[in-house]
Amino acid sequence: MTAIAKSARFKRYKNLEFILGVLLTGGICLAVLFSNLLFPDGGDKINLMARLTAPFTDTAHILGTDPLGRDVLARVVMGGKISLQVGILSVAGAVVIGVIMGLVSGYYRGFWDMIVMRFADVQLALPFILLAITFIAIVGGGLTNMIILLIVSQWVQYARLVRGSVLSLRDREFIQSAQAIGVRDIHILLRHLLPNLIGPVIVLMTLNVANNILLESSLTFLGLGVDPLIPSWGGMLADGRTYLQNAWWVSVFPGLAILLTVLGLNLLGDWLRDSLDPTGRTSR
Amino acid sequence: MAGFLIKRILQAAFVIVAVTLVVAFAVRLTGDPALMLSQGAGSITEEDLARIREALGVNKPFLVQYTDFFLGIFTLDFGRSFLGGTPVIDLIGNALPATLMLAFASMFVSIAVSIPLGIKAAVSRGKWADQFIRIISLIGLSFPNFWLAIMLVLLFSITLQWLPPSGMDGFASFLMPAITMGIILTATNVRLVRTSMLETMQSQYIMVARAKGLSESTVLYKHALRNCAIPLITYFGLQFGGLLGGIVVVERVFNWPGLGTLAFDAVGARDYPVLQAVITVLSMLIVGVNLLVDIAYGLIDPRIRTE
């Protein structure tokens, strides 16, 4: 097959990846944004008469009901709120800290550089989940603490990535000329270096939103995450496990929601990686 | 080479000291073990609590407690559990093999699946098989491991009743935990195998092998795969750390008697010696594996040493 036909096919595949990613991620974001309109009761309405209704049997409860008769579909949509909040806020926090630390340590080297790199070594050696359970045993679970925990454990990833790019960029001509004509450091960092290294950072952000949604749901599933009274995917799975014998749907749908959300983000991340790297080095 | 070795070993030693310090400090912030132990004991006076703290040794200054703990690592003496007084090293000795066996079983599943799939993807690069494998690996990467575990239990233990839902008892009990971990590892590994095969396939010795008229399978398995083995083994080695972290959750779902389960129970009971020992042992394993990989790599590739 010719190279052109091959690359056309690859392009079609990339387009498919993009469309699927947007559909999944966009659909879930829309559902979450309008969740209060779609389900005014917030999925909290208990109806013991209708407990453990099987899915696809009752038009009022398309995905069935849980052991307290609450609508599974409503709770799945409401649970998405928590997951997206944790995913987006934790990544936003980690990016801000990580990028600043990476820029400073890569550009100035010296003391800050050493601090960042040693931090990175230590964090790479700590098993995340164990760090998490210790942290949560100290400060308690809950949404805010979970986000802080994720920021603390992930900023180093961005710092390392940015530092690496800065190291390879700082001796290039355009930076040297900027320095030569006396551009201020802050200007060099933000106007010249940052735009040149932001691509891989965006890819890592997308993948980490996905990853953090997984981590949040694991921790909540283990009873260490958000308040069990708030509908969340991990919490629903933990509840549903007890009823696995006779009510599979209580455990299947929240998990499916996690899978589809994370898959959508991973598809987008994959697509972004190839689009931001026109040489196709990483996708070969 | 000696300089490189010393530098790497010093770095590893620093990491161990820092990790143990962080862990010992953090563990002591989790709460008062005396309160946990005396729960439900009725009337407990402040003197009783002080006596319990005295007996546990948690009233000493932090640095004294830390030094005791750190020096104990060298003699494998991690103290005694606050609950029942069993030596911690015995608890670890029982749990570590369970975790390691599960880790190796998962690695085995993942390598057995990802090598053929990765080679297939590399060989049919850009064709539908490649793209299909890519989509499948993305889906695998998106699975929450505890949910996959629950779904396997639903299918194989509840519906089909083929496999035990939990515990560690014979070969059958290994299947579901190892497959759960294996599938998620495989998703990353397929891509690693594919990329390194593609790189190797462009080398001149592969062209030579083809020019000699060797069969395609000899070229692939005898020449290309063997040459990718070194980077692949490196990746697999570095994965080990992440694997140990992920296992904690899966252990919990399958009630696996490993380090993860031990750590969970220890947090609940504020059992400092056990918790800090588990985290230390896991971190040392991760640091040790990374150090070995680094050194092996430095031996093979001189460019790494001078970096």
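Reading the values: rules and limits
- Residues numbered from 1 in each chain as written.
- Chains lettered and ligands numbered in written order.
- Predicted model: local features only at pLDDT ≥ 70, side-chain atom pairs only at ≥ 80, totals over all residues.
- Heavy atoms only, no water.
- Axes fitted to C-alpha atoms, helices over the stretch in contact; angles between N-to-C directions.
- Helix = DSSP H or I, 4+ residues; strand = E, 2+ residues; numbered from the N terminus.
- Parallel < 35°, antiparallel > 145°, perpendicular 65-115°, else oblique.
- Left-handed = near helix turned anticlockwise from the far one by under 90°.
- Contact = heavy atoms within 4.5 Å.
- Nonpolar A, V, L, I, M, F, W, Y, C, P; charged D, E, K, R; others polar.
- UniProt positions renumbered as here; feature names shortened; annotations may be inferred.
- Buried < 20%, exposed > 50% of the residue type's maximum accessible area, 1.4 Å probe, protein only.
- Expected span 1.5 Å × (residues − 1).

### Here we look at the packing of helix α10 (residues 216-254) of chain B against helix α12 (residues 272-300) of chain B
Residue and element names in this part refer to chain B. Close contact between α10 and α12 brings their axes to 9 Å; oriented N to C, the two are set at 170°. By the criterion of interaxial angle, the relationship of α10 to α12 is roughly antiparallel. Every pair of crossing elements has a handedness; the one defined by α10 and α12 is left-handed. Judged by residue contacts, Ile230, Pro231, Thr234, Gly237, Leu238, Phe240, Gly241 and Leu244 of α10 engage Leu282, Leu285, Ile286, Val289, Asn290, Val293, Tyr297 and Ile300 from α12. When grouped by side-chain class, the residues that make up the contact of α10 with α12 number 12 nonpolar, 4 polar and no charged.

### Some words on the UniProt feature "transmembrane region" (unreviewed entry) in chain B
All names here are of chain B. Mapped onto the present numbering, the UniProt feature "transmembrane region" (unreviewed entry) falls on residues 100-123, 135-158, 170-193, 232-254 and 274-300. Along residues 100-123 one finds 100% helix and 0% strand; the C-alpha atoms at either end are 34 Å apart. Here residues 170-193 is 96% helix and 0% strand, with 32 Å between the C-alpha atoms at its ends.

### Quick notes on the UniProt feature "domain: ABC transmembrane type-1" (unreviewed entry) in chain B
If you check UniProt for "domain: ABC transmembrane type-1" (unreviewed entry), the listed places come out as residues 96-293 of chain B in our numbering. Taken end to end, residues 96-293 of chain B is 85% helix and 0% strand, and its two terminal C-alpha atoms sit 21 Å from one another.

### A few points about unusual backbone geometry
In this structure, A:Phe56 takes a positive phi of about 60° despite not being glycine. Its place among the elements puts A:Phe56 in the loop between α2 (35-38) and α3 (72-108). Judged by relative accessible area, which is 59%, A:Phe56 ranks as exposed. In this structure, B:Leu76 takes a positive phi of about 60° despite not being glycine. If you trace the backbone, B:Leu76 turns up in the loop between α4 (62-74) and α5 (88-123). Here B:Leu76 falls in the exposed class, since its relative accessible area comes to 52%.

### Some details on helix α1 (residues 2-29) of chain B
Under the 1.5 Å per step criterion, the end-to-end length of α1(B) is 41 Å for 28 residues, consistent within 8% with the ideal 40 Å. Looking at the residues trailing α1(B), positive phi occurs at B:Gly31, about 145°.

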